[in-house]
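Now for the letters of each chain:
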Amino acid sequence: MYSSKLRIYTLATVVTLATAFGLAALYAPIEADQGFSQKIFYVHVPMAIVALGGFVYGGIEGLRYLRTRDPKHDLRSYTAIHMSVILGLGVLITGSIWAKVAWDVWFEWREATLVSFLIVFLLYATYQPLRFAILDPEKQARYAAVFAVTAGAFVPLNFMAVRLAEPFIHPRVLNNTTGGALPTEMKIPFYIALVGMTLLFITLCKLEMTHKLTRGRVKGLERRLDALRGETDDSTLPPRSAAPQVVA
Amino acid sequence: MSLEPRGITTRKAVGALLRKELLLERRVPQVLPAMALFSITTFVVFRFALDATSVEGDTASGVLWVTLLFAAMLGAGRLYVADHEEGGIDALLLAPVDRTALLISKAVTFLVFLVLVEVVALPAFVILLLGPGLSPGDIAALALVLLMADVGIAVIGTLFGALAIQTRARDLILPLMALPLLVPVIISAAKASAPLLAATGADSLPGRYLALLGLYDLVFGLLAYAVFDYLFDD
Amino acid sequence: MDAAAPAIELDGLRRRYGHRLALDGVTLTLAAGQTLVVFGPNGAGKSTLLRVLATLLRPTDGVVRILGEALPERAWIVRGHLGLLTHEPLLYGDLSARENLRFHARLRGVPLQRVDDLLAEVKLERRADEPVHTYSRGMLQRTAACRAVLHDPALLLLDEPRANLDPGAIELLEPLVGRQSGRSRVVTSHDPAAGLAEADLVLGLKDGRTAFLAAPDELTPGAITDLYRT
């Protein structure tokens, strides 16, 4: 179901990201204070925006699952959150590198956005352990959905809270390079990078979901074959897993 | 042709449930003494960890809130244990009563516990660690901050306590999930309390942090109300 | 309530657990006031069936009607007319029988006097104010039975109610939860002779599927023990 146009998506992703980074490296101006290393911004910020969007989307799909009990929403919710956590790790790493190069610290507690993101990341890092700790697959999906919805609502509230708490004597690095102050030569690669990251996210999610569905179908067929041969599956529990069980 | 509905109002159900909760805790006090003792012990530990006989301002605020938060995690972990193990959540689910009555009764119970613990912990804190004194005005303002933060902690603790009790690693997973979620509460509460605990004659209460606490309580209160049912709808 | 409405109507009831079907297409009708006895080895789906009927589990598929009301939509109404008695007494160990039952009475809008009446019926008044964790198995079950019938339910769901009970206790429970009570009942059992004696309808489950569904006089105890052979 998700494998349609997978090739097209992959191609689009590669092309868009290559264009974005190429433009960022060659066409965008070099920032006065930080030099070439500032360009990590074109990776770090789009990744962060997409990851946060992914978390919120995971919450939306979680809500859909609660209302319809249709397992496809659970699969989408799980995959979106899973991918966003991976991207989130990338955000923290690139953010750390950028901080080290720009301000000579590995982490900047006074930067509200970084701190908020760290907290959100720590929260979502508990998603998979939570799922793994619930054996009953239906209950697992339901509880994960409740978590996804709550955490999704938490994301904007958290950013608001942390921002409120920080007096902004410290120059807001991200404000210098985003929003209205952004010159055109930086805007173009930035927005292309944003589109590219979104495509990357979608492609990776499609890949993972296709993989799970296919594996689920294969297992279903194996089970039917065993049943025909007379070797019935004696296990009373499905194998323990944090990922949604695909029933085929 | 159809059956007569036999339920009672949610308000009465909350009343019956609350009565049971408080009766249980009175009969065999487990949660309250543990939380109170934990708080006091933690203050003592802080004294040695910080190597300071008195704290004030931001540090005092931090010590107070971290301690209360971890005491709350301790309490939240025990909220559903009696029901899950012996009373049987099934018996509660069999009653023709709105599931949210369970949410409200548990949250109110937890809130009551938090307030009672603070009644003990706050004086202990003042005696053991706080440098500057507290005027009645300070105490009143502090009580307001405590109450508003407690509501948020109670809501999150109740919702995620219900989540965690069904898992295999419940004592671990509850704090892991709840602590990041409570960060906005801690930020607001600590920032709001710091001026009240300052040495240079206490300042007044910063309003915006109370506003944020209020917003948090409202958002998560409504959210918990909306999703709690799904935890019990097998 | 329409007196003619069957106690239970099941049509193709399915309950999934992962890729496995805990219940696979159970179909039966139980008339009001009658007793259904369910046999089957462990894991056959007896407890699952009971829990679905108790509205504690949603059916994955199929039609379930209890006392004329469809599940899961009307579960909230049906709950007021069901009583469940399982292995676990579902009582708070630190509270007394009286306190436990009063709590349930308040929760169901039942007058507190009924608690005292029931405790007298099962002869527990003397020790009704002691914590439940001091009770013997028989006393626990008697208290639990009171809890189950507190609100005078039309349908009783009993999971091996006589397991580990002495004959004295069993006798005390009869008017509350036995055939004498006149209520519609579903009873799971491992005792072929006793089960057949009290049944109006017999269901045999194996691996979630219906092995047999018949009136008691159409079955022999041997047919039932066959269920347990792999």
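Keep in mind it's a predicted model, so treat the numbers as computed, not measured.

A look at the overall build of chain A
Thinking step 1. Along chain A, the regular secondary structure elements total eight helices and zero strands.
Thinking step 2. From first element to last, N terminus to C terminus, chain A shows the α and β order α-α-α-α-α-α-α-α.
Thinking step 3. Summing over all exposed atoms, chain A offers an accessible surface of approximately 11800 Å²; the carbon and sulfur share of this is 66%.

Remarks on the nonpolar core
Thinking step 1. Core analysis: the biggest nonpolar cluster contains 172 residues, and W65 and F125 of chain B together with V186 of chain C have the highest contact counts within it.
Thinking step 2. Those residues in contact with W65 of chain B, other than ones at most four positions away along the chain, are V145, L146, A149, I186, A189, A190 and S193 of chain B.

Overview of the interface of chain B and chain C
Reports of interface size often rely on the accessible area that becomes lost once the parts have come together.
Thinking step 1. Each partner contributes residues to the interface: chain B has 32 residues there, and chain C has 34 residues.
Thinking step 2. Interface area, chain B with chain C, both sides summed: about 3300 Å², of which 60% is carbon and sulfur.
Thinking step 3. Looking at the side of chain B facing chain C, the largest losses of area belong to L3, R6 and L94 of chain B, adding up to 24% of the total buried there.
Thinking step 4. At the surface where chain B touches chain C, the tally comes to three salt bridges.
Thinking step 5. Measuring nitrogen to oxygen at the nearest pair gives 3.0 Å for the salt bridge that ties D233 of chain B to R58 of chain C.
Thinking step 6. The interface formed by chain B and chain C contains 11 residue pairs in polar contact (both at pLDDT 80 or more).
Thinking step 7. For the side of chain B that touches chain C, the secondary structure elements donating two or more residues are α1 (10-27), α4 (81-87) and α5 (89-94) of chain B.
Thinking step 8. Ranked by residue count, the leading element in the side of chain B that touches chain C is α1 of chain B, at eight residues.

A few points about the pattern of salt bridges
Thinking step 1. A full pass over the atoms with the stated rule returns 33 salt bridges over all chains.
Thinking step 2. The residue R229 of chain A makes a salt bridge to D226 of chain A at a minimum N-O spacing of 3.9 Å. Note that R229 of chain A and D226 of chain A are positioned in helix α8 (residues 184-229) at a spacing of three residues, about one turn of the helix.
Thinking step 3. Since its relative accessible area comes to 55%, R229 of chain A is described here as exposed.
Thinking step 4. For E21 of chain B, the salt bridge goes to K20 of chain B, with nearest N and O atoms at 3.4 Å.
Thinking step 5. For K20 of chain B, a relative accessible area of 3% corresponds to the buried category.
Thinking step 6. Connected through salt bridges with shared partners, the residues R69, E138 and R142 of chain A, D233 of chain B together with R15 and R58 of chain C form a single ionic network.

Notes on the UniProt feature "transmembrane region" (unreviewed entry) in chain A
All names here are of chain A.
Thinking step 1. Here, UniProt's "transmembrane region" (unreviewed entry) annotation points to residues 7-28, 40-60, 80-99, 111-130, 142-162 and 188-207.
Thinking step 2. Secondary structure across residues 111-130 divides into 85% helix and 0% strand, with the first and last C-alpha atoms of the span separated by 30 Å.
Thinking step 3. Across residues 142-162, helical content stands at 100% and strand content at 0%; the span's end C-alpha atoms are separated by 30 Å.

Some points on the sheet that holds strand β6 (residues 82-85) of chain C
All names here are of chain C.
Thinking step 1. With mixed pairing, the six strands of this open sheet are ordered in space as β6-β7-β8-β3-β9-β10. The outermost strands of the open sheet, each flanked by one partner alone, are β6 and β10 (209-214). Averaged over all pairs of adjacent strands, the angle between their axes in this sheet comes to 15 degrees, without regard to strand direction.
Thinking step 2. Taken together, the four bridges between strand β3 (residues 35-39) and strand β8 (residues 184-188) define a ladder with parallel strand orientation. Directly across from V37, in β8, lies its bridge partner V187.

Describing the interface of chain B and chain A
Thinking step 1. Across the contact, 30 residues belong to chain B and 30 residues belong to chain A.
Thinking step 2. When chain B packs against chain A, close to 2800 Å² is buried across both sides, 75% of that on carbon and sulfur atoms.
Thinking step 3. Put simply, chain B and chain A have one salt bridge between them.
Thinking step 4. A salt bridge links D233 of chain B to R69 of chain A; the nearest nitrogen and oxygen atoms lie 3.4 Å apart.
Thinking step 5. Inspection of the region where chain B meets chain A yields seven residue pairs in polar contact (both at pLDDT 80 or more).

With respect to the UniProt feature "transmembrane region" (unreviewed entry) in chain B
Thinking step 1. Mapped onto this numbering, the UniProt entry annotates "transmembrane region" (unreviewed entry) at residues 31-50, 62-81, 102-127, 139-165, 172-190 and 210-232 of chain B.
Thinking step 2. This span, residues 139-165 of chain B, is 100% helix and 0% strand, and a straight line between its end C-alpha atoms measures 36 Å.

Quick notes on the layout of surface pockets
Thinking step 1. Roughly 1300 Å³ of volume is contained in the largest pocket.
Thinking step 2. Lining the largest pocket are 45 residues, and of these K139 of chain A, D90 and D234 of chain B together with R51 and L57 of chain C lie nearest its centre.
Thinking step 3. Sorting the residues of the lining of the largest pocket by element identifies α6 (137-165) of chain A, α4 and α5 of chain B together with β1 (8-17), β2 (20-30) and α1 (46-53) of chain C as the ones contributing at least two each.
Thinking step 4. Here the lining of the largest pocket takes five residues from α1 of chain C, the largest share from any one element.

Definitions and limits used
- Residues numbered from 1 in each chain as written.
- Chains lettered and ligands numbered in written order.
- Predicted model: local features only at pLDDT ≥ 70, side-chain atom pairs only at ≥ 80, totals over all residues.
- Heavy atoms only, no water.
- Helix = DSSP H or I, 4+ residues; strand = E, 2+ residues; numbered from the N terminus.
- Areas by Shrake-Rupley, 256 points an atom, 1.4 Å probe, with all protein chains shown as cover.
- Core = buried A, V, L, I, M, F, W, Y, C linked by side-chain atoms within 4.5 Å.
- Buried < 20%, exposed > 50% of the residue type's maximum accessible area, 1.4 Å probe, protein only.
- Contact = heavy atoms within 4.5 Å.
- Buried area = accessible area lost by both parts, 1.4 Å probe.
- Salt bridge = Lys/Arg side-chain N within 4 Å of Asp/Glu carboxyl O.
- Polar contact = N/O pair within 3.5 Å; in protein donor to acceptor, adjacent residues only side chain to side chain.
- UniProt positions renumbered as here; feature names shortened; annotations may be inferred.
- Pairing = 2+ DSSP bridges.
- Axes fitted to C-alpha atoms, helices over the stretch in contact; angles between N-to-C directions.
- 1 Å grid on protein atoms, 1.4 Å probe; cavity = no way out; pocket = protein on both sides within 12 Å on 5 of 7 lines; lining within 4 Å.
- Points joined across faces, edges and corners; volume = space filled by probe spheres on them.

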